[in-house]
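Chain residues, written in single-letter form:
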Amino acid sequence: AQSVTQLDSHVSVSEGTPVLLRCNYSSSYSPSLFWYVQHPNKGLQLLLKYTSAATLVKGINGFEAEFKKSETSFHLTKPSAHMSDAAEYFCVVSVKGGTSYGKLTFGQGTILTVHP
Amino acid sequence: NAGVTQTPKFRVLKTGQSMTLLCAQDMNHEYMYWYRQDPGMGLRLIHYSVGEGTTAKGEVPDGYNVSRLKKQNFLLGLESAAPSQTSVYFCASSYRDRGQETQYFGPGTRLLVL
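I will try to describe carefully the structure that is included in this document. Per chain, residues are indexed from 1 in the order of the written sequence. By the order in which they are written, chains take letters starting at A while ligands take numbers starting at 1. Given that the model is predicted, a residue must reach a pLDDT of at least 70 before its local features are reported, and side-chain atom pairs must reach 80 or more before they are shown or counted; all residues, however, enter totals for whole chains, interfaces and linings. The basis for the side-chain values is all heavy atoms of the structure; hydrogens and waters are excluded.

A word on the overall build of chain A
Point 1. Note on conventions: DSSP H or I runs of at least 4 residues are helices, E runs of at least 2 residues are strands, and numbering of each starts at the N terminus. Helices and strands together make up the secondary structure of chain A, namely 0 helices and 12 strands.
Point 2. Restricting the calculation to C-alpha atoms gives the radius of gyration, and the globule rule supplies 2.2 Å times the number of residues raised to the power 0.38. What you see for chain A is a C-alpha radius of gyration of 14 Å, in line with the 13 Å of a compact globule of 116 residues.
Point 3. Buried means the residue's accessible area, taken with a 1.4 Å probe over protein chains only, is under 20% of the maximum for its type, while exposed means over 50%, and partly exposed covers the values in between. Counting every position in chain A, which comprises 116 residues, the buried fraction comes to 44%.
Point 4. The criterion used for residue contact is that any of the two residues' heavy atoms lie within 4.5 Å. Pairs at least 24 residues apart make up 58% of the contacts formed inside chain A by residues separated by at least 6 positions.
Point 5. Here the accessible surface of atoms and residues is derived via Shrake-Rupley with a 1.4 Å probe, and residues count as covered only by protein chains that are part of the display. Total accessible area computed for chain A in this model is approximately 5,400 Å², and 52% of it derives from carbon and sulfur atoms.
Point 6. For chain A, the separation between the mean place of its 9 positive charges and that of its 7 negative charges on side chains is 10 Å. Charge counting follows a simple rule: Lys and Arg are positive, Asp and Glu are negative, and His as well as the terminal groups are ignored. Charge coordinates come from a single atom per side chain, which is NZ of Lys, CZ of Arg, CG of Asp or CD of Glu.

Quick look at the interface of chain B and chain A
Point 1. In this complex, chain B contributes 19 residues to the contact, which on the side of chain A involves 21 residues.
Point 2. Here the quantity called buried area is the accessible surface, traced with a 1.4 Å probe, that two parts lose on coming together, added over both. With both chains or domains summed, chain B and chain A bury close to 1,600 Å², and 52% of this area falls on carbon and sulfur atoms.
Point 3. Together, Q100, T102 and F105 of chain B form the three largest contributors to the area buried by chain B at its contact with chain A, with a combined 26%.
Point 4. Whenever Lys or Arg places a side-chain nitrogen within 4 Å of a carboxyl oxygen from Asp or Glu, that contact is recorded as a salt bridge. The interface formed by chain B and chain A contains 0 salt bridges.
Point 5. What qualifies as a polar contact is a pair of N or O atoms within 3.5 Å, subject to a donor-acceptor requirement within protein and to the restriction that residues adjacent in sequence count only when both atoms come from side chains. Scanning the region where chain B abuts chain A turns up 4 residue pairs in polar contact (both at pLDDT 80 or more).

Thoughts on the pattern of salt bridges
Point 1. On inspection of all chains with the given rule, the structure shows 6 salt bridges over all chains.
Point 2. The shortest N-O distance in the salt bridge between D8 of chain A and R22 of chain A comes to 3.0 Å. Here the residue D8 of chain A occupies a position in the loop between β1 (2-6) and β2 (10-14), and R22 of chain A occupies one in the loop between β3 (19-21) and β4 (23-27), the gap between them amounting to 14 residues.
Point 3. In this structure R22 of chain A comes out as partly exposed when scored by relative accessible area, which is 32%.
Point 4. One salt-bridge network, held together by shared partners, links R36, D38 and R44 of chain B.

So, the pairing of strand β9 (residues 87-94) of chain B
Every other side chain in a regular strand lies on the same face of the sheet, so the side chains alternate between the two faces.
Residue and element names in this part refer to chain B.
Point 1. Along β9, 8 of the 8 residues are buried, which leaves the element largely enclosed by surrounding structure.
Point 2. Judged by which residues are buried, β9 turns out to be covered on both faces: S87, Y89, C91 and S93 on one side and V88, F90, A92 and S94 on the other are all buried.
Point 3. When DSSP locates at least two bridges between a pair of strands, those strands are taken to pair. Two elements, β9 and strand β13 (residues 109-113), share 3 bridges in a ladder whose sense is antiparallel. Each bridged residue has a counterpart across the sheet, and for S87 the counterpart in β13 is L111.
Point 4. Direction of pairing for β9 relative to strand β12 (residues 104-105): antiparallel, over a ladder of 2 bridges. Bridging across to β12, A92 finds its partner in F105.

As for the packing of aromatic side chains
Point 1. When two rings of Phe, Tyr or Trp (its six-membered ring) have centres within 6.5 Å they constitute a pair, described as stacked for plane angles under 30 degrees, edge-to-face for angles over 60, and tilted for the intermediate range. This model, assessed by the stated rule, comprises 14 aromatic pairs over all chains.
Point 2. Both rings, one in Y36 of chain A and one in F105 of chain B, keep their centres 5.2 Å apart while their planes meet at 85 degrees; by these two values the pair is edge-to-face. Of this pair, Y36 of chain A sits in strand β5 (residues 31-38) while F105 of chain B is found in strand β12, placing the two residues in two different chains. Here Y36 of chain A matches F105 of chain B in class, with each residue buried.
Point 3. Both rings, one in F63 of chain A and one in Y89 of chain A, keep their centres 5.6 Å apart while their planes meet at 45 degrees; by these two values the pair is tilted. Highlighted residues: F63 of chain A in the loop between β7 (56-58) and β8 (64-68) and Y89 of chain A in strand β10 (residues 87-95), separated in sequence by 26 residues.
Point 4. Each residue in the set F34, Y36, F90 and F106 of chain A together with Y33, Y35, Y48 and F105 of chain B is aromatic and connected to the rest through ring pairs, giving one cluster.

Structure representation (structure tokens):
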């Protein structure tokens, strides 16, 4: 079985300050991990993914995430927030084995608010 | 290359009515998925397909049926809509390469059941 916990339902930052969105996961098999972003009334856009290569993954729009197996975490960061980063972010796990092969499990989402 | 498209974008139904949501992808992907998104619950898998002519149940399949008659299309049907099916529906498609898979999502269909 696999699961994802996003530790904050809402995060609020000021423009120009760092962003940290936290995600913990559990899985019985080697996981693939993703961050997707959803702007209001839009579909989901892939930000970045970890698939067992480098543990520090760089994505679009200056976001990056670090896979830490010992902590079962995959936190999303950005050094400096822009107003356009305001959106909902989903941490997603997919496993590469067992009966749940390839199925995505979504976290509950974190809404990021960026203040001027 | 349009990616994943969904039709319609928005629909209002009365309880008991039926409808079909269409998902189309032009990336020649083998795998296709239907999810529903409800506030505070992320996305939950309704049904999925691993190839033309095959479908399987996901996490929340009750009240829905699907068909994959053509590789590029994945249809989601509601035979008798209920207010609990008010949601935003997302379709996704993917392919697997050496054990790696990434799903690409459509823009969503907003459904309101009165």
